[in-house]
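Structural overview for review
These are the residues of each chain, in order.
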Amino acid sequence: MTTLVGADREKDNMIDKDGNTIKPDFADLTRYAKQFSDLTTEKENLLLSIKSEIEPLLSEVTDNFYQIMHGIPEAATFLEGRVEKLKPTHQNWMHGLFTGPYDEKYTEAMYHVGDVHVRVNLPVEFMSGGITLICNQLYKLVFEIYSEDLVKAHKIADAINSAMGFSLFVMQKSYHASVDETLDKFLLITGMSKALFEKLSSTFNSTQP
Amino acid sequence: MRQEMLGSILSELNGSSADIEASAVISTDGLLISSVLPQDMDEDRVGAMSAAMLSLGDRTAQELSRGELEQVLVKGRTGYILMTYAGDDAVITVLAKPKAKLGLIFLDVKRAAENIAKVL
């Protein structure tokens, strides 16, 4: 099976010789993203354990999220007339954050989300910005719910941070894959080698055309 | 030794016609192997652009069912750029004047390309 996950594999092609997209190895991507986000089994279990307390409040998080996004002019243009359609998808994902499991299927779903964002030309910073906004709201909720047990609240916030980091990592991976795929297609169409492309690129980086 | 031989082939080519202003041998990855170019010309750009043009020409010839690529010719207001393979791994690029007699240049470049391929 073709694997396209680790940093040492970045230079591998994202498409085959016929121009078809090569899917990543989601099991390997799950491992890789978990290592970077420190999403441990303990943290996963902790998130699952608070599902009943936090789930009733998630729709409020989604509403607030889109309200804040609407206040950002750059984001508002992308959301115009689409918010009501986007909300259920967002809520499903929020639900998944507290039901797990954080396995290959979850990774594949997040990769797909990133891929969809690429296809609608969503700026890459919207994802990291969006994750930050959601994290802020979830932390606030957690510290309200567990105001009597701040040690637990901190542990949950830490677990949320890892889960959100994991999700962002995977989504961004699909962004990078999309850029690599575009380059691979260009190379396939023009017949240029990667070495020639890099030579061209460096030649025109050094001075103005 | 090979470098000198390549330089000699290019000098001979440039001397074969007053219409030839410059020439270079480039790897298919765009790296300059040998050249006889005017001083104000950026060797890296000549290398990269020539290899890219030939690569695209190769693909275009295939896609449009024109068979194996023989050469790529670019005509500008102030002259020609002629590119052709010199073996499988190199490209010869020639810059010629706008009123150059192309028939003679094609022959000279073809001969030079064969000699370069033998050296490489």
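Please refer to the structure higher up on the page.
Each chain carries its own residue numbering, running from 1 in the direction its sequence is written. Working convention: letters from A go to chains and numbers from 1 go to ligands, in the order in which they are written. Given that this is a predicted model, residues contribute local features only at a pLDDT of at least 70 and side-chain atom pairs are listed and counted only at 80 or more, while totals for whole chains, interfaces and linings are drawn from all residues. In computing side-chain values, all of the structure's heavy atoms are included and hydrogens and water are not.

Digging into the side chain of A:T30
Residue and element names in this part refer to chain A.
- For the purposes of this entry, the term helix denotes a DSSP run of H or I that reaches at least four residues, the term strand denotes a run of E that reaches at least two, and both are numbered from the N terminus. On the secondary structure map, T30 appears in helix 1 (residues 26–37).
- For the exposure calls, accessible area comes from a 1.4 Å probe over protein chains only, and a residue counts as buried if that area is under 20% of its type's maximum, exposed if over 50%, partly exposed in between. Assessed through its relative accessible area of 7%, T30 is described here as buried.
- Two N or O atoms form a polar contact when they lie within 3.5 Å of each other; inside protein one atom must be a possible hydrogen donor and the other a possible acceptor, and for residues adjacent in sequence the pair counts only when both atoms belong to side chains. From its side chain, T30 meets the backbone oxygen of F26 in a polar contact 2.6 Å long.
- Excluding anything up to four places from it in sequence, T30 contacts Y102, D103, E104, T107 and F166. Throughout, a contact is declared for two residues whenever any of their heavy atoms are within 4.5 Å.

Here we look at the pairing of strand 4 (residues 79–85) of chain B
Residue and element names in this part refer to chain B.
- Counting buried residues in strand 4 gives five out of seven residues, a clear majority hidden from the surface.
- For strand 3 (residues 72–76) and strand 4, the ladder comprises five bridges, and the chain directions are antiparallel. Within strand 4, the position partnered with K75 by the bridge is Y80.
- By the convention used here, strands pair only if DSSP detects at least 2 bridges between them. In sequence, strand 3 turns back onto strand 4 through a hairpin of two residues.
- Note that strand 4 and strand 5 (residues 90–96) share six bridges and pair antiparallel. Residue pairing in the sheet places L82 in a bridge with V94 of strand 5.

Quick look at unusual backbone geometry
- In this structure, the amide linkage connecting A:G100 to the following residue, A:P101, adopts the cis form with an omega of -15°.
- Among the structural elements, A:P101 can be located in the loop between helix 6 (83–97) and helix 7 (104–119).
- Phi at A:D38 takes a positive value of approximately 55°, unusual for a residue other than glycine.
- Within the secondary structure, A:D38 sits in the loop between helix 1 and helix 2 (41–49).
- Given a relative accessible area of 43%, A:D38 falls into the partly exposed group.
- Here the phi dihedral of B:S65 falls at roughly 55°; this positive angle occurs in a residue that is not glycine.

With respect to helix 1 of chain A
Residues and elements named next belong to chain A.
- To estimate how far a helix should extend, the number of its residues minus one is multiplied by 1.5 Å. Over its 12 residues, helix 1 extends 16 Å from the first C-alpha to the last, a length consistent with the 16 Å expected when each residue adds 1.5 Å.
- Every buried residue of helix 1 is accounted for by F26, D28, L29, T30, Y32, A33 and S37.
- Along its buried surface, helix 1 packs onto helix 7 and helix 9 (150–190).
- Of the residues that open helix 1, the one with a side-chain oxygen 3.1 Å from the backbone nitrogen of A27 is D25.
- D38, located one to two residues past helix 1, shows a positive phi value of around 55°.

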